[in-house]
There are 2 protein chains.
Amino acid sequence: MLKDNTVFVGNKPVMNYVLAVVTQFNNGADEVAIKARGKAISRAVDTAEIAINRFLEGVAKKEILTGTEMIDTDTGKTNVSSIEIVLSQQLR
Amino acid sequence: MLKDNTVFVGNKPVMNYVLAVVTQFNNGADEVAIKARGKAISRAVDTAEIAINRFLEGVAKKEILTGTEMIDTDTGKTNVSSIEIVLSQQLR
């Protein structure tokens, strides 16, 4: 998957990320990956659910992956959970 | 799956839920479902990752599902995202 087709979810309002996902599909993407770490994981799930239920026709969740990443902080390395939700355009 | 094999993740410290999951496997469960809604979704992912990476030998993520549930609040009905992570004992 092209890097362009990834939306990283952070601390902004969820509709910002929904708009980013919808825009990528409207620009012709077949798949969009929604990624987040830590507390933003809930918002990534919200993003996927809102995009599919309210804005995107014929797009479904293809794959959901979770993992653990090690990140550097001021006080040393720490583990943080991550999620990747891949949305895919179904056959038209 | 038996209802007993489900751990509902809420606002308590994550290790409470990790302990609940590990206990169920130690009591002979083949599968344990970790469920959460809203902001607790991130903690559900943490629970699964910590349980698998630090405590459970031979247990893997079998399935991850997300969805949208309608709940009643003081101000009316609202949608909330949900997650279900199913952990499964691999063949021993």
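Residues numbered from 1 in each chain as written. Chains lettered and ligands numbered in written order. Predicted model: local features only at pLDDT ≥ 70, side-chain atom pairs only at ≥ 80, totals over all residues. Heavy atoms only, no water.

Trainee: Describe the relation of the copies chain B and chain A, and please don't skip the residues or the numbers.
Mentor: Mapping chain B onto chain A is achieved by rotating through 180° and translating by 0.0 Å along the same axis, at an RMSD of 0.0 Å. Seen this way, the second copy is the image of the first under a two-fold rotation axis. Taking C-alpha positions as the reference, the residue of chain B nearest the rotation axis is Ser-42 of chain B, at 2.7 Å. The residues that chain B uses at the interface reappear at the interface of chain A in 100% of cases, marking a shared surface. (Least-squares fit on C-alpha atoms with pLDDT ≥ 70 in both. Contact = heavy atoms within 4.5 Å.)

Trainee: So what's going on with the interface of chain B and chain A? Which residues, and what values?
Mentor: Across the contact, 17 residues belong to chain B and 17 residues belong to chain A. Counting the surface lost from both chain B and chain A, the interface buries some 1300 Å², and carbon and sulfur atoms represent 51% of this. Run the count over chain B and chain A and you get 0 salt bridges. Across the chain B-chain A interface, the total number found is 15 residue pairs in polar contact (both at pLDDT 80 or more). (Buried area = accessible area lost by both parts, 1.4 Å probe. Salt bridge = Lys/Arg side-chain N within 4 Å of Asp/Glu carboxyl O. Polar contact = N/O pair within 3.5 Å; in protein donor to acceptor, adjacent residues only side chain to side chain.)

Trainee: Before we move on, can you summarise helix α1 (residues 14-26) of chain B with the specific residues and values?
Mentor: Residues and elements named next belong to chain B. With 13 residues, α1 extends 19 Å from end C-alpha to end C-alpha; this agrees with the ideal 18 Å at 1.5 Å per step. Where α1 is concerned, the buried positions are Tyr-17, Val-18, Val-21, Val-22, Gln-24 and Phe-25. Seen along its axis, α1 keeps its buried residues to an arc of 160°; they face one direction. Exposed side chains of α1 directed beyond 90 degrees from the buried face belong to Leu-19 and Asn-26. Buried residues along α1 sit against β1 (6-8), β2 (31-37), α2 (41-55), β3 (59-73) and β4 (76-89). Directly after α1, the chain includes Gly-28, whose backbone phi takes a positive value near 105°. (Helix = DSSP H or I, 4+ residues; strand = E, 2+ residues; numbered from the N terminus. Expected span 1.5 Å × (residues − 1). Buried < 20%, exposed > 50% of the residue type's maximum accessible area, 1.4 Å probe, protein only. Arc of directions from axis to C-beta.)

Trainee: Give me the lowdown on the UniProt feature "domain: DNA/RNA-binding protein Alba-like" (unreviewed entry) in chain A, citing residues and values where you can.
Mentor: Mapped onto the present numbering, the UniProt feature "domain: DNA/RNA-binding protein Alba-like" (unreviewed entry) falls at residues 5-67 of chain A. A distance of 20 Å separates the end C-alpha atoms of residues 5-67 of chain A, which is 44% helix and 30% strand. (UniProt positions renumbered as here; feature names shortened; annotations may be inferred.)

Trainee: Quick rundown of the pairing of strand β2 (residues 31-37) of chain A? Include the residues and the values.
Mentor: All names here are of chain A. When strand β1 (residues 6-8) meets β2, the two strands line up parallel, connected through 3 bridges. Bridged to Val-7 within β2 is Ile-34. With helix α1 (residues 14-26) bridging β1 and the parallel β2, this β-α-β connection has right-handed handedness. As defined by bridge partners, β2 adjoins strand β4 (residues 76-89) across 7 bridges and the pair is classed as antiparallel. Across the sheet, Ala-33 pairs through a bridge with Val-86, a residue of β4. (Pairing = 2+ DSSP bridges. Right-handed = clockwise from strand over helix to strand, strands pointing away.)

Trainee: Account for the nonpolar core, naming residues and giving values.
Mentor: In this structure, Val-21, Ile-83 and Leu-87 of chain A together with Val-21, Ile-83 and Leu-87 of chain B are the most contacted members of the largest nonpolar core, which totals 51 residues. Not counting the four nearest positions on each side in its chain, Leu-87 of chain A is found in contact with Val-21, Phe-25, Asp-30, Glu-31, Val-32, Ile-34, Ala-48, Ile-52, Val-59, Ala-60, Lys-61 and Lys-62 of chain A. (Core = buried A, V, L, I, M, F, W, Y, C linked by side-chain atoms within 4.5 Å.)

Trainee: Could you give an account of the sheet that holds strand β3 (residues 59-73) of chain A, naming the residues involved and the relevant values?
Mentor: Overall, mixed pairing links the 4 strands, which are arranged β1-β2-β4-β3 (chain A) in an open sheet. Each end of this open sheet is capped by a strand with a single partner; those strands are β1 and β3 of chain A. Here the average twist between neighbouring strands, direction ignored, is 20°. Of the strands in this sheet, β1, β2, β3 and β4 of chain A are in contact with α1 of chain A, which crosses β1 of chain A at around 175°. The strands that α2 of chain B touches are β3 and β4 of chain A; relative to β3 of chain A, the one it contacts most, it runs at about 65°. (Axes fitted to C-alpha atoms, helices over the stretch in contact; angles between N-to-C directions.)

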